[in-house]
Every structure is written in C-alpha cells, then in structure tokens.
Amino acid sequence: EDKSLPEAVKIKLDDTDAKKIQLGDGKDKKGTRVRVFGRVHRERRQKEVMFVTLRDGYGFMQVILTGPLAKTYDALTLTRETSMQILGELREVPAGAHAPNGRELHADYFKILDVGRAAGGDDAITNRVSKDTEHATLLDLRHLALRGETASKVMIVRDAVEFAFNTVYKELRFRKVSPPALVQTQVEGGATLFKFNYYNEEAYLTQSSQLYLETCLPSMGNVYCIEKSFRAEKSLTRRHLAEYTHVEAELDFIDFGDLLDHLEEIMCRVLDIVMSDPVTKQYIMELNPEFKLPERPFKRMKYSDAIDWLVEHDIKNEDGETHKFGDDIAEAAERRMTDIIDKPIFLTHFPAEIKAFYMPKDKDDARVTESVDCLMPGVGEIVGGSMRMDNYDDLMAAFKREGIDPTAYYWYTDQRKYGSSPHGGYGLGLERFLAWLCKQHTVRDCCLYPRYFGRCKP
Ligand code: 4AD
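Residues numbered from 1 in each chain as written. Predicted model: local features only at pLDDT ≥ 70, side-chain atom pairs only at ≥ 80, totals over all residues. Heavy atoms only, no water.

Novice: What is the right way to look at the nonpolar core in this model?
Specialist: Across soluble globular proteins, nonpolar side chains have a tendency to be buried as a group. With 56 residues, the main nonpolar core has V161, F165, M267, F433 and L437 as its most contacted residues. No other element matches helix α9 (residues 256-276), which puts eleven residues into this core. Apart from residues no more than four positions distant in its own chain, F433 is found in contact with V161, F165, M267, V270, L271, I382 and L428. Formed by 22 residues, the second largest nonpolar core is a distinct cluster that contains V52, L54, V63 and I112. (Core = buried A, V, L, I, M, F, W, Y, C linked by side-chain atoms within 4.5 Å. Buried < 20%, exposed > 50% of the residue type's maximum accessible area, 1.4 Å probe, protein only. Helix = DSSP H or I, 4+ residues; strand = E, 2+ residues; numbered from the N terminus. Contact = heavy atoms within 4.5 Å.)

In structure tokens form, the structure reads like this:
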C-alpha cells in the first residue's frame, strides 16, 4: 500500500452519493481514492489487465488491476467469492464500455483478507451452482445459490416489499400484532394441519392468524401481522409451500365493498412504494422487464360469472368435465383464466360449500358468501379474504355444518357474545405476491429457504 497517496475513503460498492466520492461531475475532476470491501463475483483476465467484479450485497463494482498488480500471485490465483479489500481511484468507464454505475475502480493496492481465499478448482463455486445446475440441486445448495444475481435480487425485493407493507399499514393506522404459531384450532380445514405433540396435548402449527387478529379488533382497531403460516400440503405445485409468510389484516366496522377497496389500495400503495426506490425498481424491471403497475380499479368478477367464463372458453374442471356452479375452481383452470384476462381480478362470492366456516352468506344470494380471492396473471390466487360471521348463532351453526367441535374455539366465539361488529379481513401470500411481481416460476424461489413436501433443508 502506497502511504504517499491521498487517504482512501471507505465506501460501499453501490455508493453513488456524488458528494462523498466526487464522481458525479467526475469528467473534469480527478476521481477520489476509495477503499472498498467485497467478494469476487466474477473475474476476467486479459494479457496485461485483470477485471474483477466485486459484490457486497449493496451493489457491484468493476475493478481493474493493471501492471504489476495483475501479475501478483494473489491476482493470478484469485478465485470467485474470495473476500478482498481494494484501494484505488474511481473513474468513469470509457465511452462505449459498460460497468455497474458507469464507473470502474483503478486499483493501486489490493489485499485478500486474512480469512483466506475461497475454494477453487473442482470445488469452485462455479462448479457447484451455475445456470445449468438442476433446480433440485440448486435447492440443496440454496445457501450458495442465494449469492447468484437472480436469487439475491428476489430476496432484496422481498425485503423492500415487506417493509412497504409495514409502511402502508402504518399510514392507514393499522396496528401490528404477533399471534402465536402454536395453536389448537384450525382455520382453513383439517387436511393441511401440521399436528404435533405439545406437552402431551394435540396442537398444530398455525394455518393463519386470522382468528387471533379478530380478537384484537375490540381494543386495538384495525390490526395486521406478517407471520409464518404452515400448511401440510402434500402436492408438489409451483405455488404451495409448507411454510410461507402470510400478510394478514383484519378491519373493523366495514362492509364487503370496503374490504375490496382496501385490498386494492394496499396492494397498489405497496407497489408505488417499492417502485419509487430506484434500486428496487431496477431489480424488479431486470427480473420482470414487462412489469407495469396494475390499472385501477381491479376487475371484479363474481364466482358464478367465472364459471360461465370457463364454460364459454371450454376450460374443463379437474375431472375433465365442463365447469358447473359449486365446483372448486382448480389451480390450472384458475391460472388459465387469469393469464387470458391478463390483469388482477377480484373473484368474489364463492359458494359456502367450497369456502371456510367463518364466511357469512351474501344478503342477496344465500348460495354464496361475502368472499374474495385476488388472482394475478402467472400465479393465480395471491389473496384470500372475506367478511366474517359476526352473529353467534350463525357461527355455531357453521361449526356444526363443518363438523368442527366449537369447544376449543371459545375465545373466538366469545367475540360474538361481547360486542360483536361487522368486520372482515384477508391473507396475502408474500411469496405468491413476489412470484407475480418478480416473474418467478415458483414460490420456492421467493423465500430464503423453501419448505415444501419432501424438503426441510438446508
Ligand atoms: O386462502 P387462504 O387459505 O386464507 C386464509 O388463510 C385466511 N384465513 C386468511 C385471512 O383471511 N386472514 O390463504 C391466504 C393466502 C392465499 O391466497 C395464498 O396467497 C397464501 O395465503 N397461501 C399459500 N402460499 C404458499 N403456500 C401455501 N401452501 C399457501 N396456502 C395459502
């Protein structure tokens, strides 16, 4: 290290603050000498020059090693993923050349950190994960795959989306709560319950925090949570996980129309916020180049009209038969319809028989409930919501109809005894929202370490 050079300013690789690094008007000003830390994302050797792309989780920077630096043992044997410290001068890339943020670091000194270099040869990261690696292997090596550009961008967008939900809920004066994950009640049917022995009592991993959120309304006003939900799904589909992140909210003193308006508002505000951040926007557009903010208002379609639509378009049900009123619209049919319509749809008023016990009947059509699924192109259902039965007797009758013993639900049914109110809410699958936003084929690529039928590692 040449101590006679000006002192190097320590920066992050994506630091584009012109005042700090004086590069904004760098054309006629000398670049600043900076010190950066990062891992080798890529390296390329030419005769006299070596190009290194450094990565630090905040960005990428092209580094140029020339002269004796490029011929050192450490440069000649440099392996990907090795952590380095590099000092040098930032300069604009020459016209016609491309580099992250349009600049490159001309190194005058570099050092491989004392922790040592990353594995090379047969064991090099590029021999373990690459574009051609099978998806199943990539999932076993998720800890390494997360260093890739696509996986890391999706995870960074995920952080921004989750933060945006928190921001919008705060704007709308919702309060955040944290309901338990270990429960003794079901919400969405016994078939997908994970059961376990809880001090010799039967208990489950929660399927949804909805019932607990409902108990908060009387004292906290509108509430939300962003928690894990668990479903013992036994099929392998691109949109089912065993553990997923569930954005759930419950609204007091509303009617069904208010619920739909709120849902549209929250999704659009979240999208506005994430798209207003230049880095998040850039990542979304790189992952999903055709992404456009959805048009408002969202298309609203009744379940019965969807059945007619499926019949008209000759899309059959799971048994290969023509759809009829009362059918559960299966994943494949739902996705085909959403892909053809190609915009967000609020599908409403499902028959009571195919929906959860807590959904109230529509006042004008006793066959159907005040329920909504939000469907997105490429993914299908990303939100499920409804008004909630607010009458004690109706709720008890619903438990009976479903064959659920209401005893364990005393704390839930008590809400209807002590000052009930018209209320409703919804759950949004964060991974499904991201699969749509980032155009990912499967929700498995939208969470850190996916859990699904047959996989509980790494
Ligand atoms: O439609 P669901 O089952 O509704 C509920 O759980 C309600 N109790 C939520 C509420 O009203 N508070 O699930 C809601 C959403 C689905 O639309 C989907 O996005 C997601 O949760 N989801 C899953 N995501 C990934 N893997 C699974 N196995 C999922 N099951 C549901």
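Novice: Whenever I open this one, the site of the ligand confuses me. Can you help?
Specialist: Taken together, 23 residues lie around the ligand, and E188, Q210, E248, E381 and I382 are the ones closest in. At 3.4 Å, a side-chain N or O of Y358 approaches a nitrogen atom of the ligand. (Near = heavy atom within 4 Å. Polar contact = N/O pair within 3.5 Å; in protein donor to acceptor, adjacent residues only side chain to side chain.)

Novice: Help me understand the pairing of strand β12 (residues 243-252) in this model?
Specialist: Looking along a regular strand, one sees side chains alternate from face to face of the sheet. Within β12, nine of the ten residues are buried, which leaves the element mostly enclosed by the surrounding structure. Here strand β11 (residues 223-230) pairs with β12 via eight bridges, running antiparallel. By the bridge assignment for β12, K228 is matched with T245. The pairing of β12 with strand β19 (residues 423-429) spans seven bridges and is antiparallel. Residue pairing across strands places A249 opposite Y426, the latter belonging to β19. (Pairing = 2+ DSSP bridges.)

Novice: Please clarify how the sheet that holds strand β13 (residues 299-302) should be interpreted in this entry.
Specialist: Think of a sheet as strands paired side by side through backbone hydrogen bonds, with each pair either parallel or antiparallel. Judged by pairing direction, the sheet is mixed, and its eight strands sit side by side in the order β7-β11-β12-β19-β18-β17-β14-β13 without closing on themselves. Strands at the two margins of the open sheet, each flanked by one partner only, are β7 (175-176) and β13. Packing of helix α7 (residues 149-171) onto the sheet brings it into contact with β7, β11, β12 and β19, and relative to β11 it is tilted by some 145°. Running at roughly 60° to β19, helix α15 (residues 430-437) makes contact with β12, β17 (371-376), β18 (380-387) and β19 of the sheet. (Axes fitted to C-alpha atoms, helices over the stretch in contact; angles between N-to-C directions.)

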